[in-house]
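# Structural features, examined
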Amino acid sequence: MITSLTPQIDTRPRQQRRPEIIALEKRKRKLARKLRHVNLQVEFDNDTVTQFGNFHTIETFKQAIDLTTGIIKNNFTLSKPINSLYSAPQTLEHLIDCCCLGLPRFEHTETGRFDPGYLDLKQISSFPSEKVFRDLLSDFQPTHIQELININKKLNHLKSKWSGPTYVTLDFDDSVVTLHGHQEGGEVGYNPRYHGRPSFKVKVCFIGSSNELLHFNLYSGKVHSNGDFLPFFQTCLDLLPPNYVATKLRLDKGFFDEDNLIKFEELYLESVCKAPLKENIRKLITSIPEKAWKEIDEYTSITSKEFLLKTWKKPRKFVIRRVKIDKETNQLFLPIKDFYRYEAVVTNMEGDPVEIMNFYDDRANVENKIDEIKDGFAVEEASQHLKTRNHAFMLIKVIAYNLMNWYRQALLPEDKKNCEIKTIRRQIINIPGNILGKGRFHRIKLAANKLLESIIEIIKTNLDAFFYFVANGFTPVRC
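Reference entry: report on the structure contained in this document. Please read these numbers as outputs of a predicted model, since none were measured by experiment.

Parameters and conventions
- Residues numbered from 1 in each chain as written.
- Predicted model: local features only at pLDDT ≥ 70, side-chain atom pairs only at ≥ 80, totals over all residues.
- Heavy atoms only, no water.
- Helix = DSSP H or I, 4+ residues; strand = E, 2+ residues; numbered from the N terminus.
- Rg over C-alpha atoms; globule rule 2.2 N^0.38 Å.
- Contact = heavy atoms within 4.5 Å.
- Areas by Shrake-Rupley, 256 points an atom, 1.4 Å probe, with all protein chains shown as cover.
- Lys, Arg positive; Asp, Glu negative; His and termini not counted.
- Charge placed at Lys NZ, Arg CZ, Asp CG, Glu CD.
- Buried < 20%, exposed > 50% of the residue type's maximum accessible area, 1.4 Å probe, protein only.
- Axes fitted to C-alpha atoms, helices over the stretch in contact; angles between N-to-C directions.
- Left-handed = near helix turned anticlockwise from the far one by under 90°.
- Nonpolar A, V, L, I, M, F, W, Y, C, P; charged D, E, K, R; others polar.
- Polar contact = N/O pair within 3.5 Å; in protein donor to acceptor, adjacent residues only side chain to side chain.
- Core = buried A, V, L, I, M, F, W, Y, C linked by side-chain atoms within 4.5 Å.
- Pairing = 2+ DSSP bridges.
- Salt bridge = Lys/Arg side-chain N within 4 Å of Asp/Glu carboxyl O.
- Phe/Tyr/Trp six-rings, centres within 6.5 Å; stacked < 30°, edge-to-face > 60°.
- Lys NZ or Arg CZ within 6 Å of the ring centre and 35° of its normal.

### Notes on the overall build of the protein chain
What the protein chain contains, in helices and strands, is 15 helices and 13 strands. For a compact globule of 479 residues, the expected C-alpha radius of gyration is about 23 Å, and the protein chain comes in at 29 Å, more than 25% above that figure. Projected onto its principal axes, the C-alpha coordinates of the protein chain cover approximately 100 × 80 × 45 Å. Put simply, 66% of the contacts in the protein chain that link residues at least 6 apart link residues at least 24 apart. In the form shown here, the protein chain has an accessible surface area of approximately 26300 Å², with 52% of it arising from carbon and sulfur atoms. Of the side-chain charges in the protein chain, 70 are positive and 60 negative, and the distance between the mean point of each set is 6 Å.

Listed below in structure tokens is the structure:
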């Protein structure tokens, strides 16, 4: 038997229900009195509060390196009508702020308009609306895309002065940006997650030791990983700061191509590129005699051997690693002899095969960095109809990423330097507070938090040391 869950309406006259209504009112008032210490009155008159209590450390850092009035203004020529409330450089700076604070989508930028503490800190009376940001991107032309690349280049060049001269490793990878609309340039290509959906392909180059995003370029979804790679590679070398000397390269298997290897050899660059285990390479691996394998541990063995692939002009060194696995479960180690999982890289590096393979394994960090620019800066959001607008917005987020990457390396405590941006925002930046006073009495008041207090003290100390670098003409100095 099925019973109805619809509440039954009491049809008795009010006079008969009156005692029950009075009793209910008494119980309600008693509950309200019990909870009035937590059910507080709300007033909307605090004009000093901000949800970004420690954004002032980022703003101080930005102004110290002269990001807005120097780097952006001198390299960004897009202009707006003379009666515009916000200039193009100002709008671009505000959009970079939003990306740093975790507001990388257009609808999220509205938060800045209603944060009086942020407006007070920036010493502005109003903040651009979502429409202003959209209009900025609608005005972008290909020349302005190149200007954003130059802004990112200038930022990286300035950081290289702070880092000092060094040899660097360049890590190359690509990633798929899935599209959920009808965007210009989106095509159906390889998409590991959303099969059959149109997408963009992005190629990235990171500096291995310092995680700077050296170059970022956008392609159609049909472009293969190796498509137009050599022009992209040459652009990366051109964008490399003078203080950095590229000596080593690490590449994923999508860039496995002899033309690439020849180019690296011509430039005397040491490279390690993962090899796709296609049938021809598998046959060569299985021909390696057992005595050639060096046992690393009870599960892993490694060896190196020169192979001449069928279409190649000369043989090259391959380093191969094999790991015992179970054929059915893919689990490590079974008492079944001679069944392995293989990994191979092609390289022109000399040295111990174990060290070469470990060097390549360190390239895995680039996957984490791609995840960070996607998850922390929403680079994979491509909501604009025109490809130029999508590319521009992505590059703005790349600039914000590099700014925050330098910020955390220069100012944060040692145990926070490797934290991802979402952790930094949650623990340090996006802390509610009140901005009080004016002039030299301008200050921020935060809730009592001993751990955060110690972090801010370290940031202030590091900022003071950073001022020496700026005051010395962006040249490192011993004090």
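### Notes on helix α2 (residues 55-64)
Counting buried positions along α2 yields eight of ten residues, so the element is predominantly enclosed. Positive phi shows up at Asp66, right after α2, with a value of about 60°.

### Re the packing of helix α4 (residues 88-100) against helix α13 (residues 387-411)
The geometry of α4 relative to α13 is characterised by a closest axis approach of 9 Å and an angle of 65° between their N-to-C directions. The two elements α4 and α13 cross, and the hand of that crossing is right-handed. In contact with Leu92, Leu95, Ile96, Cys99 and Cys100 of α4, α13 contributes Phe393, Ile396, Lys397, Ile399, Ala400, Leu403 and Met404. Of the residues belonging to the contact of α4 with α13, the class tally is eleven nonpolar, no polar and one charged.

### Focus on the side chain of Asp171
Mapped onto the elements, Asp171 comes out in strand β2 (residues 166-178). Within the structure, Asp171 has its side chain in polar contact with the side chain of Arg250 (distance 2.7 Å).

### Some thoughts on the nonpolar core
Soluble globular proteins tend to pack their nonpolar side chains together in the buried interior. By size, the foremost hydrophobic cluster in this structure holds 114 residues, and its most contacted members are Ile65, Leu148, Leu170, Phe172, Phe216 and Phe318. The element contributing the most residues to this core is α13, with 15 residues. Counting ten residues, the second-largest nonpolar core is a separate cluster that includes Val272, Val319, Met349 and Phe359.

### Quick word on the sheet that holds strand β13 (residues 443-446)
Read across the open sheet, the three strands follow the order β1-β12-β13; overall the sheet is antiparallel. One side of each edge strand has no neighbouring strand; the edge strands of this open sheet are β1 (49-50) and β13. Relative to β13, strand β12 (residues 433-436) runs antiparallel, the two being bridged by four bridges. Across the sheet, residue Ile435 finds its bridge partner in β13, namely Ile444.

### Observations regarding the pattern of salt bridges
Applying the stated criterion to the full structure yields 31 salt bridges. With a shortest N-O distance of 3.1 Å, Glu59 and Lys62 are connected by a salt bridge. Of this pair, Glu59 and Lys62 are both found in helix α2, three residues apart, which corresponds to roughly one turn of the helix. Since its relative accessible area comes to 2%, Lys62 is described here as buried. For Arg105, the salt bridge identified is with Glu381, shortest N-O distance 3.8 Å. Of this pair, Arg105 sits in the loop between α4 and α5 (116-122) while Glu381 sits in the loop between α12 (365-375) and α13; the two residues are 276 residues apart in sequence, bridging distant segments of the chain. One continuous salt-bridge network, built from bridges that share partners, spans Glu59, Lys62, Glu93, Asp97 and Lys122.

### Observations regarding the pairing of strand β11 (residues 340-347)
Side-chain direction in a regular strand flips from residue to residue, so the side chains alternate between the two faces of the sheet. Alignment of strand β7 (residues 270-274) against β11, held across three bridges, turns out to be antiparallel. Across the sheet, the residue bridging to Val272 is Thr347, located in β11. Where strand β10 (residues 316-324) and β11 come together, eight bridges link them in antiparallel fashion. The partner of Arg321 across the bridge, within β11, is Glu343.

### Some remarks on the environment of Arg282
On the secondary structure map, Arg282 appears in helix α10 (residues 279-286). Taking the relative accessible area as the measure of exposure, Arg282 reaches 44% and is therefore partly exposed. Here the alpha-carbon distance between Arg282 and Ala344, two residues 62 residues apart in the chain, equals 9.7 Å.

### Quick look at the packing of aromatic side chains
One pass over the full model with this rule turns up 27 aromatic pairs. Between Phe172 and Phe232, the aromatic rings sit 6.3 Å apart at their centres with planes inclined by 75°, giving edge-to-face as the arrangement. Residue Phe172 is found in strand β2, and its partner Phe232 is found in helix α8 (residues 229-239); the two are separated by 60 residues along the sequence. You can call Phe172 buried: its relative accessible area is 0%. Over the ring of Tyr340 we find Arg322; its NZ or CZ atom is 4.1 Å from the centre of that ring. Positioned above the aromatic ring of Phe377 is the side chain of Arg425, whose terminal nitrogen or guanidinium carbon lies 5.2 Å from the ring centre.

### So, the pairing of β2
The buried count for β2 comes to eleven of 13 residues, which makes it a mostly enclosed element. Pairing between β2 and strand β6 (residues 244-251): seven bridges, direction parallel. Note that in β6 the partner of Leu170 across the bridge is Leu249. Looking at chain direction, β2 and strand β4 (residues 198-207) are connected through nine bridges and run antiparallel. What sits directly across from Asp173, in β4, is Val204.

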